[in-house]
Amino acid sequence: MSVQQSVLVPEQRNTRSRPTHPPGRQATAARLRAATLTVWYLRLLATLNLVAVVSLTFRQEVIEHNGGPYFTPYLATAGLVSAALALFLAVVMRRRKRAAWIFNLLLAGPLFVLYTAALTQDRYQRHGFNWLSTVLTGLFVAALLVGRKEFHAVGDRSNPRLAVAVGTGGLLIGATLGTLLVSVTNQVTGTPLSDRVAYTLLRGVSVGPLADRFDSVAAPRWVDVLINAMMAATFLLVLYACFRSPRGRELLGAPDEDRLRELLVRHGERDSLGYFALRRDKAVVWSPTGKAAIAYRVVGGVTLASGDPIGDPEAWPGAIDAWLREARRHAWTPAVMGASEEAGTIYARHGLDALELGDEAIVDRADFTLEGRAMRGVRQAHNRVRRAGHTVRIRRHAEIPRAEMDALTDLADRWRDGETERGFSMALGRLGDPADGRCVMLECHDGDGEPRAVLSFVPWGERGLSLDLMRRDRNSENGLMEFMVIELLLRAEDIGVSRVSLNFAMFRSVFERGGRLGAGPVLRLWCSLLTFLSRWWQLESLYRANAKYRPVWEPRYLLFEKSGDLPRIGVAAARAEGFLAPPALPRPGFGPLRRTPPAPDGAWPDRRRPGRLPAPPAEPRAARSRPSSLSPRS
């Protein structure tokens, strides 16, 4: 099933047991061992191929047994391309991908038959290594057949057109550079161009004897290895292009978005992060009753959900069951970012463990005041900015004319810190979409009427707001953001708001308890390490910045299935939030994501059924970033 589709599956009871295969497929111990054996074989071959490339002695052995009357086991070719292929197959076989099983069987099966037929001839029978190669290849094929039912996971979403484009371009570039290297370093004169090109292509496959048949080419060994490395890099780029997570494409369809909005109307008060489930780069899975849903995105084989499930808490278990079954069906690693304690407890009943990430700062308007000694610094900073002539305008997005909203979006893009858009679990990822008319925009102007900063908040139920975006002119007055937040809190009743969710402070409790009298040595060491890391990421500073409003701190948790998955989950989360940016690749057939021009009557083209609030069919260059302690406010 495609990631882009919502999933509705029958409800099923779950337990804390963690099956490694779908319900109803109780694999025998022999099948499990056979499946594991195929993975370790591929890992071993990847290692041996690498050793063969860097070790002259071992490479000569492989070369000798790949030529003449000799042959080697499946995937043993003494090349970086084979090493990369074996490593990739080991990874996907470990994830029990059915497509990888078929691929290996289609390659290894005929090879085993060929080896068996070759051993009927005397010239091949005389060499004992041929028998060993045949036995190893046959054992691998037998393990594939015995463990076939273990490889049940369906394939992930792929980009075949992009992979073909990257592969074609990489092959042309690699072949051109390799041919030039061969031409410059060739010790034989008068070599035809066709021989040099053919030599380069064969060296791209292996540093073994494949290209030794060309007596007209005598290139140094380092050239052979470099050509092979370039082809291996091209192969890896093709794999990345084919299976990378989609960026900028809508996964949340209009019907699912409408249903989520209906759930938010009824249950949106429960979670301040609920509205961020409407990000259109997320897919959604529904409970059997349709009363609850989980929005998620798949990054690097990790299915990342954020916040609490949307909808009726009584239907949450059904949605969690459906999400976990979808994860097992695709062999994804499940993880939840920023779940509340209530949701974390329910996730734990389904076999997930919890790790406290930090705390969300929530300010209750009824309890907020600028009076008192504790608020003296905040009060003085607010008065200083106000005396400088700055003013704040507060409006719902629906009240802002489209031309003004376009101008604000352009300003937010211009003020963004860097080119990378950040935010996933606590950011909407778009600004100015007419479907988000209930969002609140704060605009700060200086004494000359020039715009200097913007804040945008998404709805949190009927009377709450949750911070989505903060942007300011780098040349503006210090303290503008604090000034705008205070203005919002002071005037909250005018727009019917009673509580405001601000930033998320990662590891807040460590900073708070680490500086107290009696803190233990381990806690102090952990606090010192986080303080050191705060030089590069907003850890302590974000906590201090939010603590000045004297908020209520609500803990948020990371949910995961196995502790060994945490490094992988961390990388996936960093990629989703925009802290790790993989290399950008061309997108054949897809132009840049720009705002679609308005219709002639001035109205936005509607992608929903008549009577619904219209929305642009393409996401504009979004001004993002509800910052967490890892997402610096720009």
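It should be emphasised that the depicted structure is a prediction, and the values quoted were computed from it without experimental measurement. Residue positions within a chain follow its written sequence, with the count starting from 1. Local features in this predicted model are restricted to residues of pLDDT 70 or higher, and side-chain atom pairs are both shown and tallied only at a pLDDT of 80 or more, whereas totals for entire chains, interfaces and linings draw on every residue. Only hydrogens and water are set aside when side-chain values are computed; all heavy atoms of the structure are taken into account.

## Some points on the overall build of the chain
Then comes step 1: Helix and strand assignments follow DSSP, with helices taken as H or I runs no shorter than four residues and strands as E runs no shorter than two, numbered in order from the N terminus. Secondary structure assignment for the chain yields 19 helices and 13 strands.
Then comes step 2: To sort residues, take the accessible area from a 1.4 Å probe on protein chains only and compare it with the maximum for the residue type: under 20% means buried, over 50% means exposed, and anything in between is partly exposed. Counting over 634 residues, the chain shows a buried share of 52%.
Then comes step 3: Between two residues, a contact is recorded if the distance between any of their heavy atoms is within 4.5 Å. Within the chain, residue pairs in contact and separated by at least 24 positions form 77% of the contacts whose partners lie at least 6 positions apart.
Then comes step 4: Each accessible area value is a Shrake-Rupley result obtained with a 1.4 Å probe; residue values ignore everything except the protein chains displayed when judging cover. When the accessible surface of the chain is totalled, it reaches about 28,700 Å², and 59% of it is carbon and sulfur.

## Quick look at the side chain of threonine 200
Then comes step 1: Tracing the backbone shows threonine 200 in helix 8 (residues 193–205).
Then comes step 2: Relative accessible area serves as the criterion here: at 0%, threonine 200 is assigned to the buried category.
Then comes step 3: Other than its neighbours up to four places away in sequence, threonine 200 contacts Gly174, Ala175, Gly178, Thr179, Val182 and Ile227.

## Re the pairing of strand 7 (residues 353–364)
Then comes step 1: The pairing criterion for strands is at least two bridges between them, as found by DSSP. Pairing analysis gives nine bridges linking strand 7 to strand 13 (residues 552–560), with the strands arranged antiparallel. In the sheet register, glutamate 356 faces strand 13, and the bridge partner there is tyrosine 557.
Then comes step 2: By the bridge criterion, six bridges tie strand 7 to strand 12 (residues 499–506) in an arrangement that is antiparallel. Bridge pairing links aspartate 364 to arginine 499 in strand 12.

## A closer look at the side chain of arginine 96
Then comes step 1: By the secondary structure assignment, arginine 96 is in the loop between helix 3 (80–94) and helix 4 (98–118).
Then comes step 2: Glutamate 150 is the oppositely charged side chain nearest to the buried, salt-bridge-free arginine 96, at an N-O distance of 4.2 Å.
Then comes step 3: For arginine 96, the residues in contact, after removing those within four places along its chain, are Ala35, Thr36, Val39, Glu150, Phe151, His152 and Ala153. Positive charges are assigned to Lys and Arg, negative charges to Asp and Glu, while His and the chain termini are left out of the count. We define a salt bridge as a contact between a side-chain nitrogen of Lys or Arg and a carboxyl oxygen of Asp or Glu at a distance within 4 Å.

## A short note on the packing of aromatic side chains
Then comes step 1: Working definition: rings of Phe, Tyr and Trp (its six-membered ring) pair if their centres are within 6.5 Å, and the pair is stacked with planes under 30 degrees apart, edge-to-face with planes over 60 apart, and tilted otherwise. Inspection of the entire model under this criterion finds six aromatic pairs.
Then comes step 2: Judged by centre distance (5.9 Å) and plane angle (40 degrees), the rings of phenylalanine 71 and tyrosine 124 are tilted. Of this pair, phenylalanine 71 sits in the loop between helix 2 (56–64) and helix 3 while tyrosine 124 sits in helix 5 (residues 122–125), and the two are 53 residues apart along the sequence. Both residues of the pair, phenylalanine 71 and tyrosine 124, count as buried.
Then comes step 3: Cation over ring: arginine 96 sits above phenylalanine 151, and NZ or CZ is 5.5 Å from the ring centre.
Then comes step 4: The cationic tip of arginine 123 hangs over the ring face of tyrosine 124; the distance from NZ or CZ to the ring centre is 4.8 Å. Charge-over-ring placement is defined geometrically: NZ (Lys) or CZ (Arg) within 6 Å of the ring centre, and within 35 degrees of the ring normal.

## Regarding helix 12 (residues 341–349)
Then comes step 1: All buried positions along helix 12 are accounted for by Ala343, Gly344, Ile346 and Tyr347. The arc that holds every buried residue of helix 12, seen down its axis, measures 165 degrees, which confines them to one face. Exposed side of helix 12, more than 90 degrees from the buried face: Glu341 and Arg349 are the residues found there.
Then comes step 2: For helix 12, the elements touching its buried residues are strand 3 (292–299), helix 11 (316–330), strand 6 (333–339) and strand 13.
Then comes step 3: Where helix 12 terminates, the next one or two residues include glycine 351, which has phi positive at roughly 100 degrees. Arc definition: directions from the helix axis to the C-beta atoms.

## Description of the confidence of the model for the chain
Then comes step 1: Each residue carries a pLDDT score, the predictor's own confidence in it, on a scale running from 0 to 100. On average, residues of the chain score 80 in pLDDT, and 80% of them reach the 70 mark or higher.
Then comes step 2: Contacts of residues 1–21 to residues separated by more than four positions or lying in other chains number 60 contacts, the stretch itself having pLDDT below 50.

## Regarding the packing of helix 11 against helix 12
Then comes step 1: Here an axis means a line fitted to C-alpha atoms, over the contact stretch when the element is a helix, while the angle between two N-to-C directions is reported on a 0 to 180 degree scale. Closest axis-to-axis distance for the helix 11/helix 12 pair is 10 Å, and the angle between their directions is 55 degrees. When the interaxial angle is binned, helix 11 and helix 12 end up oblique. Helix-helix and strand crossings are classified by hand; for helix 11 and helix 12 the assignment is right-handed. On the side of helix 11, the interface is formed by Trp316, Pro317, Ile320 and Trp323, while helix 12 contributes Glu342, Ala343, Ile346 and Tyr347.
Then comes step 2: Following the grouping adopted for this structure description, the nonpolar residues are Ala, Val, Leu, Ile, Met, Phe, Trp, Tyr, Cys and Pro, the charged ones are Asp, Glu, Lys and Arg, and the polar ones are all others, Gly among them. Partitioning the contact of helix 11 with helix 12 into residue classes produces seven nonpolar, no polar and one charged. Oblique is the label for any angle not under 35 degrees, not over 145, and not in the 65 to 115 range, which are roughly parallel, roughly antiparallel and roughly perpendicular in turn. Two helices that cross are described as forming a left-handed crossing if the nearer one is turned anticlockwise from the farther one by less than a right angle, and a right-handed crossing if clockwise.

## Quick word on helix 14 (residues 402–414)
Then comes step 1: Given the number of residues in a helix, its expected span is that number minus one, multiplied by 1.5 Å. The terminal C-alpha atoms of helix 14 lie 18 Å apart, and with 13 residues this matches the ideal 18 Å at 1.5 Å per residue to within 8%.
Then comes step 2: Within the span of helix 14, buried status applies to Met405, Leu408, Thr409, Leu411, Ala412 and Asp413.
Then comes step 3: The elements touched by buried residues of helix 14 are strand 9 (440–445), strand 10 (451–460) and strand 11 (464–472).

## Describing the nonpolar core
Then comes step 1: Residues belong to one nonpolar core when they are buried, are Ala, Val, Leu, Ile, Met, Phe, Trp, Tyr or Cys, and are joined through side-chain atoms within 4.5 Å. Counting 72 residues, the largest nonpolar core has Leu304, Leu442 and Phe457 as the members making the most contacts within it.
Then comes step 2: Among the elements that take part in this core, helix 15 (residues 480–490) stands out by supplying eight residues, more than any other.
Then comes step 3: Of all hydrophobic cores here, the second largest spans 24 residues; its members include Val298, Ala315, Ile346 and Leu559.

## Let's talk about a nonpolar patch on the surface
Then comes step 1: On the surface, Trp526, Leu529, Phe532, Trp536 and Trp537 cluster together to form a nonpolar patch covering roughly 540 Å² of accessible area.
Then comes step 2: Mapped onto the secondary structure, tryptophan 537 falls in the loop between helix 17 (521–533) and helix 18 (540–547). Nonpolar side chains (Val, Leu, Ile, Met, Phe, Trp, Tyr) are joined into patches within 5 Å and like charges within 9 Å, using only residues with over 30% relative accessible area and no salt bridge.

## Concerning the packing of helix 4 against helix 6 (residues 128–146)
Then comes step 1: Orientation of helix 4 relative to helix 6, taken along the N-to-C sense of each, is 145 degrees, at an axis distance of 9 Å. Between helix 4 and helix 6 lies a crossing whose hand is left-handed. Seen from helix 4, the contacting residues are Trp101, Asn104, Leu105, Ala108, Gly109, Leu111, Phe112, Tyr115 and Thr116; seen from helix 6, they are Ser133, Thr134, Thr137, Gly138, Phe140, Val141, Leu144 and Leu145.

## Focus on the pairing of strand 6
Then comes step 1: With respect to burial, strand 6 is a largely interior element, seven of its seven residues being buried.
Then comes step 2: Bridge count for strand 4 (residues 302–306) against strand 6 is five bridges, and the pairing is parallel. In the sheet register, serine 306 faces strand 6, and the bridge partner there is methionine 337.
Then comes step 3: Two strands pair when backbone bridges link them, and strand 6 and strand 13 are joined in this way by four bridges, in the antiparallel orientation. If you follow methionine 337 over to strand 13, its bridge partner there is leucine 558.

## Brief notes about the environment of leucine 431
Then comes step 1: By secondary structure assignment, the location of leucine 431 is in the loop between helix 14 and strand 9.
Then comes step 2: A sequence separation of 21 residues divides leucine 431 from aspartate 410, and the C-alpha atoms of the two residues are 9.9 Å apart.

## As for unusual backbone geometry
Then comes step 1: Not every positive phi belongs to a glycine, and leucine 75 is a case in point at roughly 75 degrees.
Then comes step 2: For leucine 75, the location among the structural elements is in the loop between helix 2 and helix 3.
Then comes step 3: Backbone geometry places arginine 96, a non-glycine residue, at a positive phi of 60 degrees.
Then comes step 4: With a relative accessible area of 14%, arginine 96 lands in the buried category.

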